[in-house]
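Geometric and topological summary
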Amino acid sequence: ITRSNDRLLYSLFAEYCTNIRTTSIHFSLVTQTTHHISSVSFREATPEDTDRLHTLFADPESRPLHREDTQVTVDYINEGAIWILVRNTEVLGAGVLYKTLYQPQYVDLGMLVAAGNRKMGYGAYIVQEMTKVCHQRNLIPAIGCKANNIPFRRTLEKAGYYPYDRYMLGEIEI
């Protein structure tokens, strides 16, 4: 395994490996977007949102935010790490900031739109607004996805992010 932004390892990888494939792609913010969606609000989640968020996160298709246990949701709410997109009382989606282990100023940015509300621009809006939250908190968003997750890749691009690095696998030729 190597990363495409490591020039030495990548050149050795390309020279001596076969069956090379990209497993995940990491993105960098290239441009701030200004998407606006009327009749919705984006706000920090509160303990009163726990049940509605748990319903959203309990959906097995909600990876990587899928959770069976509500305690994880409560912990993230208490840490100020979950923000929600709401229309009236309906939670349309959520954004989550995951602390990283490698450097405290970086956070992994996660996003989820409820199944019935996808393909309406909500995902790009959530990513845009979560990026603003990161900047307000002097945090640097790190965001990526599996290489075959085309819908999320398009969402990130719509929110101003573009690929800068790829994790790649290959087999060493002997």
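These notes cover the structure that comes with them. (Residues numbered from 1 in each chain as written. Predicted model: local features only at pLDDT ≥ 70, side-chain atom pairs only at ≥ 80, totals over all residues. Heavy atoms only, no water.)

1. Things to note about a nonpolar patch on the surface
Threshold: Each patch is built from residues that are more than 30% exposed by relative accessible area and take part in no salt bridge. Like charges join if they lie within 9 Å; nonpolar side chains (Val, Leu, Ile, Met, Phe, Trp, Tyr) join within 5 Å. The method behind every accessible area is Shrake-Rupley, applied with a 1.4 Å probe, and residues are considered shielded solely by the protein chains displayed. Any carboxyl oxygen of Asp or Glu that lies within 4 Å of a side-chain nitrogen of Lys or Arg is treated as forming a salt bridge with it. Helix numbers and strand numbers start at the N terminus; a helix is a DSSP run of H or I with at least 4 residues, a strand a run of E with at least 2. Buried residues are those whose accessible area, probed at 1.4 Å on protein chains only, stays under 20% of the maximum for their type, while exposed residues exceed 50% and partly exposed ones sit between those limits.
A cluster of nonpolar residues, Leu8, Leu9, Leu12 and Tyr16, forms a patch on the protein surface that exposes about 410 Å² of accessible area. With respect to the secondary-structure elements, Tyr16 resides in helix 1 (residues 7-16). Since its relative accessible area comes to 47%, Tyr16 is described here as partly exposed.

2. Quick notes on the pairing of strand 6 (residues 106-113)
Within a regular strand, side chains alternate between the sheet's two faces. What counts here: At least two DSSP bridges between two strands are needed for those strands to be called paired.
The buried fraction of strand 6 is high, at six of eight residues. When strand 5 (residues 90-99) meets strand 6, the two strands line up antiparallel, connected through seven bridges. When the bridges of strand 6 are listed, Gly95 appears paired with Met111. Hairpin geometry of strand 5 and strand 6 is characterised by an intervening segment of six residues between the two adjacent antiparallel strands. Looking at chain direction, strand 6 and strand 7 (residues 140-146) are connected through three bridges and run parallel. When the bridges of strand 7 are listed, Tyr106 appears paired with Ile140.

3. Some points on the packing of aromatic side chains
For the record, the criterion: Aromatic contacts are taken between Phe, Tyr and Trp rings whose centres are within 6.5 Å, Trp giving its six-membered ring; a plane angle under 30 degrees counts as stacked, one over 60 as edge-to-face, and the others as tilted.
For the coordinates displayed, the defined rule picks out three aromatic pairs. With centroids separated by 5.5 Å and ring planes inclined at 80°, the aromatic side chains of Tyr76 and Tyr98 adopt a geometry described as edge-to-face. Highlighted residues: Tyr76 in helix 3 (residues 70-78) and Tyr98 in strand 5, separated in sequence by 22 residues. Residue Tyr98 is classed as buried on the basis of its relative accessible area of 16%.

4. A closer look at the layout of surface pockets
Applicable threshold: In this analysis the probe radius is 1.4 Å and the grid spacing 1 Å, with only protein atoms considered; a cavity is a set of points the probe fits into but cannot get out of, a pocket is an open set with protein on both sides within 12 Å along at least five of seven lines, and lining residues have an atom within 4 Å of a point. Grid points are joined across faces, edges and corners, and a volume is the space filled by probe spheres set on the points. Under the grouping applied here, Gly and all other residues not named as nonpolar or charged are polar, the nonpolar ones being Ala, Val, Leu, Ile, Met, Phe, Trp, Tyr, Cys and Pro and the charged ones Asp, Glu, Lys and Arg.
Considering only enclosed or pocket space, the second largest pocket measures out at about 240 Å³ in volume. Of all the secondary-structure elements, those providing two or more residues to the lining of the second largest pocket are strand 2 (17-29), strand 6, strand 7 and strand 8 (161-172). Among the residues making up the lining of the second largest pocket, the classes are represented as 10 nonpolar, four polar and two charged.

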